[in-house]
Amino acid sequence: MSHEDVECLTAIQLPPEAHSLDQSDHLTRLTRRKARRGSFIWRHPLIQLAICAATVILLFACIQSPTSESFRSIDAFSPLSTLHDSKVTTKPPLIPYNTGLLHLLIPASKPDVNLCKSILSSTILGYPIPVLLNWGGSSNNIAKIPGTLRYLKTLGPHNDQDLVIVADGYDIWYQLPPHILINRYHEINRRANVRIHARLGSKTMKTQGINQRIVISSQKNCWPGDDKHVNCYSVPESPLPRYIYGPQTDTNVKNNQGELSSQQKMRQRWLNGGFIMGPVEDMRRLFERANERAMADEDQEGWDQGVLTGIFADQEYQREKLRTREKGPWKRFHRPPPAREVFEAEEGVQYEFGIGLDYSSELSQATKYSEHDLDWVTFSIRSTIDIAITKHNVTSPHITSLQPDIANAPLPFNSLALLSNTNVSNITSTPWTSVPLWTNLYTGITPALVHHNAHFGHLKTLRQTQWHKMWFVPHARDLLRARLKMNGGGEQLVAVNRKRNKWFGLAGEEGFGVRTDKSGEEWMGWGEICGGEEEGEIWRDGEGKWVD
């Protein structure tokens, strides 16, 4: 009985003949009468019928449909609101921040002007000397997998916590320095493990060894596969805001010919194998599995993309089963509808690889189906932002100011102070806000790498028509001279993360060049790969070929 009930009862005026009764005894009788009246209400048949009906409705509402809760995103996490100020209520597992070597692996079998642009941009930005995989060998896309695995197997246990980047060689440009990439990589994993913790719980994460450590770039379409394929339906929904593209988000829209075939309004949810980053130990396990699948069918659809997409989909299918295993009988895992492909796990096979996606493209931005999401903007010139928003008809832009991790980075041209060339001394104090950056207008994120994988409508030509807009190109020759002077001999310092841990790149030979995995050509100078007529397209300064 509540305090208010007692006050109400004690305020009742008893008749004169009742004054001899004990007050507490009287209160007890009144309370019993009230209880009997309450129990009569609950025994009423109409009330009981209503309760039963409500229980049945709630029960059916809780029953899990395989097309609703299964294979859906478990959270509504939005990286837009947490990139710079993440507030979480669940305690994620600790992620070790390690110091070691940073390895940059580029699958490339032959010279090409676009490979030269990738090498030049990575070197100017301070990335380690790249290692060209499968050089002089097969140009088949599936060769990327055994080539990467061969390199990883040359690294001993003392390299297990080194970081490895595997990036496509013929359509990727490097836009931001490696310390920004490394810090974002760790932050992406931290946020992802918070989501996984909320979805699966600490017990399942610990017993199953689930901890995201590998990040792969994302894209807007599922390939290879369709809605009925495990590759496509088993992966979580994108954590990007539900209506980031307005009411048409996650729907196919009409292209210029009026056909419903464009996926420009889809949120990035599916894997894109053009960029992969993770520790050597984890990457070795991943590529061992990938190589098994690749060698089983070298002509499979999608080549390396198909292999990696399948591994990620299998992992997520198994995670969903783990999520529902501890639920009540009405929330346990349901097999997909008959129209969907069913994944049958093999006994004793490991499906957990700690893979996650770079959903908001902080590390690498794929341009396919994102042609109208990005443009070149100079943050100190507001009109460039307004023009880009109008040009691409961006209905809900989130681009306001330059991200703090870029704004607080060393100035883009500060290395030129090492040169005696007075012609460039006046730009050493130029801030990042005053250089053009390829930026996503919907998220406000400037990616570290630009992946020009869009190919419809001759969009591959952007690799030629947009190259001059990269912030370093007008001063590329001087910036390269300054970078080579900074590197000197021995291991080069490529990044220091927020915990003051240092990442180094292996030393190369004298001058500007790359390492390869081909016996007898372990070191190749710039002139051996890019010393032809393509240098005019690369430098665009009229000064001819590069001379060390």
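Worth saying up front: this structure is predicted, and the values here are computed from it rather than measured.

(A) Looking closely at the overall build of the protein chain. The secondary structure content of the protein chain amounts to 16 helices and 17 strands. Within the protein chain, the fraction of its 548 residues that count as buried is 52%. Long-range pairs, those at least 24 residues apart, make up 78% of the contacts in the protein chain with a sequence separation of at least 6. As presented, the protein chain carries roughly 26000 Å² of accessible surface, and 53% of it is formed by carbon and sulfur atoms.

(B) Up close: the pairing of strand 12 (residues 437-440). Burial along strand 12 is two-sided: Leu437 and Thr439 and Trp438 and Asn440, pointing in opposite directions, are all buried. Judged from the four bridges that link them, strand 11 (residues 374-377) and strand 12 form a sheet pairing that is antiparallel. In the sheet register, Leu374 faces strand 12, and the bridge partner there is Asn440.

(C) Broad picture of the nonpolar core. Residues Leu120 and Trp526 are the most contacted members of the largest nonpolar core, which totals 78 residues. Ranked by size, the runner-up nonpolar core spans 34 residues in total, among them Cys232, Leu271, Ile276 and Val280.

(D) Fine view of the state of the cysteines. Counting across every chain of the model gives two disulfides. The side chain of Cys116 participates in a disulfide bridge whose partner is Cys530; the two sulfur atoms lie 1.9 Å from each other. The chirality of the disulfide connecting Cys116 with Cys530 is left-handed, given an S-S dihedral of about -100°. Linking Cys116 in helix 4 (residues 113-125) with Cys530 in helix 15 (residues 526-530), this pair joins segments that are 414 residues apart in sequence. Covalently, Cys222 is tied to Cys232 through a disulfide, its sulfur atoms 2.0 Å apart. Because the torsion about its S-S bond is -85°, the bridge between Cys222 and Cys232 counts as left-handed. Of the two residues, Cys222 is situated in the loop between strand 5 (214-219) and helix 8 (230-233) and Cys232 in helix 8; the sequence distance between them amounts to 10 residues.

(E) Quick look at helix 11 (residues 382-391). Along helix 11, the residues that are buried comprise Ile385, Ala388 and Ile389. Taken around the axis of helix 11, the buried residues stretch over an arc of 100°, which confines them to a single face. Looking at helix 11, the residues exposed on the side facing more than 90 degrees away from the buried face are Ile387, Thr390 and Lys391. Taken together, the buried residues of helix 11 touch strand 11.

(F) A look at the side chain of Ser238. Tracing the chain through its elements places Ser238 in the loop between helix 8 and strand 6 (253-254). Its relative accessible area of 4% is what places Ser238 among the buried residues. Separated by 3.2 Å, the side chain of Ser238 and the backbone nitrogen of Leu240 make a polar contact. Those residues in contact with Ser238, other than ones at most four positions away along the chain, are Arg267, Gln268, Arg269 and Tyr359.

Rules behind the numbers
- Residues numbered from 1 in each chain as written.
- Predicted model: local features only at pLDDT ≥ 70, side-chain atom pairs only at ≥ 80, totals over all residues.
- Heavy atoms only, no water.
- Helix = DSSP H or I, 4+ residues; strand = E, 2+ residues; numbered from the N terminus.
- Buried < 20%, exposed > 50% of the residue type's maximum accessible area, 1.4 Å probe, protein only.
- Contact = heavy atoms within 4.5 Å.
- Areas by Shrake-Rupley, 256 points an atom, 1.4 Å probe, with all protein chains shown as cover.
- Pairing = 2+ DSSP bridges.
- Core = buried A, V, L, I, M, F, W, Y, C linked by side-chain atoms within 4.5 Å.
- Disulfide = S-S within 2.5 Å.
- Arc of directions from axis to C-beta.
- Polar contact = N/O pair within 3.5 Å; in protein donor to acceptor, adjacent residues only side chain to side chain.

The values are spatial; any link to function lies outside them.
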